Structure formats: structure tokens, C-alpha cells
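Overview (structure and organization)
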Amino acid sequence: MSTTLPRISSTGAGSGAGAGTFNAAKASLAGASSTYSSSSAGTKAPAKTYPFWLGGAAGCCAATITHPLDLTKYRLQTAAVKQGMFKTVIETGKNEGIKSLWHGLTSTLLRQFTYSVTRFAVYEEMKGQVGKRSGKAPTPGELALCAGTAGAVAGVVGNPAEIVLVRTCSDLNLPKEARYGYRNCIDGLFRIVREDGTSSLFRGLGPNVFRSVVMNICQLSAYDVFKNAIQRTNILEDGPMLHTVASFCAGTLSTTVCTPIDVVKSRVQNMKKGSPGGTSVSFVIKEALRKDGPAVFLRGWTPAWLRLQPQTTLLFLFFEQFKKIVDKTREIKSGSETFSSS
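Below you will find a few notes about this structure. (Residues numbered from 1 in each chain as written. Predicted model: local features only at pLDDT ≥ 70, side-chain atom pairs only at ≥ 80, totals over all residues. Heavy atoms only, no water.)

Further remarks concern unusual backbone geometry. Residue N234 is not a glycine yet carries a positive backbone phi of 60°. Relative to the elements of secondary structure, N234 occurs in the loop between α6 (205-233) and α7 (240-270). (Helix = DSSP H or I, 4+ residues; strand = E, 2+ residues; numbered from the N terminus.)

All right, on to the nonpolar core then. L54, F120, Y123, L220, L315, F316 and F319 are the most contacted members of the largest nonpolar core, which totals 23 residues. If you list the elements that add at least two residues to this core, you get α1 (54-78), α3 (105-134), α4 (140-170), α6, α7 and α9 (301-341). Take this core: its biggest share by element is five residues, from α9. Counting nine residues, the second largest nonpolar core, distinct from the first, contains V164, Y180, C185 and L201. (Core = buried A, V, L, I, M, F, W, Y, C linked by side-chain atoms within 4.5 Å. Buried < 20%, exposed > 50% of the residue type's maximum accessible area, 1.4 Å probe, protein only.)

Tracing the backbone through its elements, the reader meets Q112 in helix α3. For the pair Q112 and A63, spaced 49 residues apart in sequence, the C-alpha to C-alpha distance is 7.9 Å. Sequence-distant contacts of Q112, that is, excluding residues within four places in its chain, are made with G56, G59, C60, A63, V117 and Q311. Looking at Q112, its side chain comes within polar contact range of the side chain of S116, at 2.5 Å. (Contact = heavy atoms within 4.5 Å. Polar contact = N/O pair within 3.5 Å; in protein donor to acceptor, adjacent residues only side chain to side chain.)

Mapped onto the secondary structure, A79 falls in the loop between α1 and α2 (85-96). Classification of A79 as buried rests on a relative accessible area of 6%. In this structure, the C-alpha to C-alpha distance between A79 and L174, residues 95 residues apart in sequence, is 9.0 Å. If sequence neighbours within four positions are ignored, A79 has contacts with N173, R267 and R299.

The geometry of α4 relative to α6 is characterised by a closest axis approach of 6 Å and an angle of 140° between their N-to-C directions. Relative to α6, the element α4 lies oblique. Crossing geometry of α4 relative to α6 is assigned as right-handed. In this structure, α4 uses P140, L143, A144, A147, G148, G151, A152, A154, G155, V156, N159 and E162 to contact α6, whose residues at the interface are L205, N208, V209, S212, V213, N216, I217, L220, S221, D224 and V225. (Axes fitted to C-alpha atoms, helices over the stretch in contact; angles between N-to-C directions. Parallel < 35°, antiparallel > 145°, perpendicular 65-115°, else oblique. Left-handed = near helix turned anticlockwise from the far one by under 90°.)

Turning our attention to the side chain of Q219. You can see Q219 is positioned in helix α6. Side chain to side chain, Q219 and T312 meet in a polar contact 2.9 Å long. When neighbours within four sequence positions are excluded, Q219 is seen to be in contact with R119, A250, S254, L308, Q311, T312, L315 and F316.

Moving on, we get to the pattern of salt bridges. Summed over the entire model, instances satisfying the criterion amount to 12 salt bridges. A salt bridge links D196 to R167, with the shortest nitrogen-to-oxygen separation between them at 3.1 Å. Placement of the pair is D196 in helix α5 (residues 185-196) and R167 in helix α4, with a sequence separation of 29 residues. Given the relative accessible area of 14%, D196 is considered buried. Since its relative accessible area comes to 1%, R167 is described here as buried. The shortest N-O distance in the salt bridge between K323 and E320 comes to 3.9 Å. With K323 and E320 both in helix α9 and three residues apart, this pair spans about one turn of that helix. In this structure, a network of salt bridges that share partners links the residues K227, D238, E320 and K323. (Salt bridge = Lys/Arg side-chain N within 4 Å of Asp/Glu carboxyl O.)

Right, let's talk about α4 for a bit. Relative to the 45 Å expected for 31 residues at 1.5 Å per residue, α4 spans just 37 Å between its end C-alpha atoms, considerably shorter than the ideal helical length. At N159, α4 shows its largest kink, close to 55°, and the proline P160 lies no more than four residues downstream. (Expected span 1.5 Å × (residues − 1). Bend = angle between axes of the 7 residues up to and from the residue.)

Take the packing of α4 against α7 next. At a minimum axis separation of 9 Å, α4 and α7 run at an interaxial angle of 85°. The angle between the axes of α4 and α7 places the two elements in the roughly perpendicular class. Only K265, S266, Q269 and N270 of α7 make contact with α4, whose side of the interface consists of N159, E162, I163, V166, R167 and S170. Here the residues of the contact of α4 with α7 sort into two nonpolar, five polar and three charged. (Nonpolar A, V, L, I, M, F, W, Y, C, P; charged D, E, K, R; others polar.)

Take the state of the cysteines next. One pass over the full model with this rule turns up zero disulfides. Free of any disulfide, C218 has its nearest cysteine sulfur in C258, 5.2 Å distant. (Disulfide = S-S within 2.5 Å.)

On to the packing of aromatic side chains, then. Applying the stated criterion across every chain yields a total of seven aromatic pairs. Note on W301 and W305: the rings are 6.3 Å apart at their centroids and 10° apart in plane angle, and the pair reads as stacked. Taken together, the residues W301 and W305, both in helix α9 and four residues apart, mark about one turn of the helix. The partly exposed category is assigned to W301, whose relative accessible area is 28%. Classification of W305 by relative accessible area gives partly exposed; the value is 21%. Feature note: the residues F120, Y223, F316 and F319 constitute an aromatic cluster, connected by ring pairs. Between R111 and the ring centre of Y115, over which it is positioned, the NZ or CZ distance is 4.4 Å. One Lys or Arg, K323, reaches over the ring of Y50 and ends 5.5 Å from the middle of that ring. (Phe/Tyr/Trp six-rings, centres within 6.5 Å; stacked < 30°, edge-to-face > 60°. Lys NZ or Arg CZ within 6 Å of the ring centre and 35° of its normal.)

Put into C-alpha cells, the structure is as follows:
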């Protein structure tokens, strides 16, 4: 007696032969996993699902590697005087020790577990829903809308962690007796609430959300757009090289657009309660223009690019590889179940 094996289709970048079996929708953020569409914006195949935290895990891996550059960026943006990037890195290592280059790492990880988890989950969920509703790949405009919405939500969710991160990294600009001196990200959150009030956890929320919206449009949706455009040329096949090129383009665009916003955001969030002139965005902008001129808003572009570019590249490389691991695991599980049933 012969047994007819089920026909298994395969869709999306890096999927295995049996991955199509698992294309059913998962629970949203409230459940164990969230819907993730295929990373390629150009595919018209049904979306697959991935754990909602996958983007946050990729963000943590990338941010851990690039944290010294993140630290340098925040120090430059909150410094009272203009400093050089390489000089800042060297002086940090010389005066504070090599380990100080990873000063505030727990704050970076907290930010990734809040901000990055949220933005990837919301973006991929929305992108999947748009594709499902229209029956075709989302347009660049639709991708930008999905990314901008994800950025707005993530900007709110991640703001408290952003406050701790900015203060921790900029601490090295201050004399030891004047530093915040947070032991870790949790200590930072409790001390901010105790010393400045709960509302201070959302200080700089406006510029942070605005930056997050712009960043995600330039990073998440631009990555998909660049990746899809390159795929259509048939120059590169879907793989690490394509992911690297697309993320390089997205990272450069993100840095150029977001640096002025980032400068203002960092200065607002680093201000202490009762600072002269308050902590309003308009006051910070006027003071920055008065003291340093328009060029101040591009201060830190080079370290920001040197940080964001590899961070963006590593982010999407980790993200794509994590999805392949999930696909491979599902393929193995599917094969085992098929053979068991037959």
C-alpha cells in the first residue's frame, strides 16, 4: 500500500523545503509570538510567522558589539565643548580603563529589549497585515507607514531605557563627584523615579518619538526597499551579501537624516531637573545655535555613522540568520512529523 506524502511549498528568503507548512498566523504581542512577514518586500508569497522577540534578540547581539561607538556618540553629543571622536575613544580607555568602553551596556540591552522588540514586532505585524489585505507585496509608501507607526510606538515604550542609556554614557563627560553613577539599568530607573519623579522617565519624549519614527522609516522600510530593488536587478541572490549591501544603504540614510534629531534628543534627556531655561526642545535648540551654530546639529555624525552603519548591518544579518535558524528548526520538525505519520 503506497502512502502519498503531502506536498510542501517553500516561500521567502532562506526558507527550507518544509517551511510553508508553518505559515499559519501566531498570537500577537500578548501571546507567545507575533506575526512576522517575509523580510523581502518584493515577495508575493504568503507570510510566515516568527517569534515577536526575534528583532530584539538581533538588536541585542548587534548593540553589544557596537556599544563602544554608541558610548562615544552620546559623549560627543552631550559634551560642553567640541571633541574629536578618536580622541574621545582614546581618552576614555586611557582615563577610565578599557572596560569603560562598555560602560552602560546593561542600559543598551534594556533599550533593545524594549525599543527594538517593539519596533520589529509592530513593523512586521503591520507589514504582514498589509500584504494579506492587498494580496500583494506592500509598496514603499505602505512600508514607510508601517515603519513610522512602529517607530512611534517603540519610541514611547523605549523612552525610559533611553533616558538611562543617555545619562549613563554621558556620565564620563563629568567629574566623578558630579556623575549620576548608576550601578546598572535597573538602579538607574529606580533612582530617576526617586530623585526626579516618574514623569522624568518620559523627558524628551517628543524628540525621541520623532527620531524613532524617522529612524525606522530610514532603517526598517528602507532596508526592505533597497533589498527588493537589488533583488530585481538579479545582481545578488538573497543571502548575506545582499543583506549587507541593503543594510549599508539603509544605515547611511538613517545616520544622515537622524543625527540632528539625535543631538537635540540627547541634550534634552541629559539635562537635570531644575536646569536653567527648563528642558524644552525649543530652548535646547536655541542654546545650541547660539553657542555652536548650525554645525552643532551634525556633531557626532562620523561616530554616529561608524556606530549605526555596522549596527544596522549586524542587526539585519543577525535577524536574517535567526530567521533561517527558525526555518531550519521547523523544517526538521516538519520532516520528523511527516515520517512519523507515514
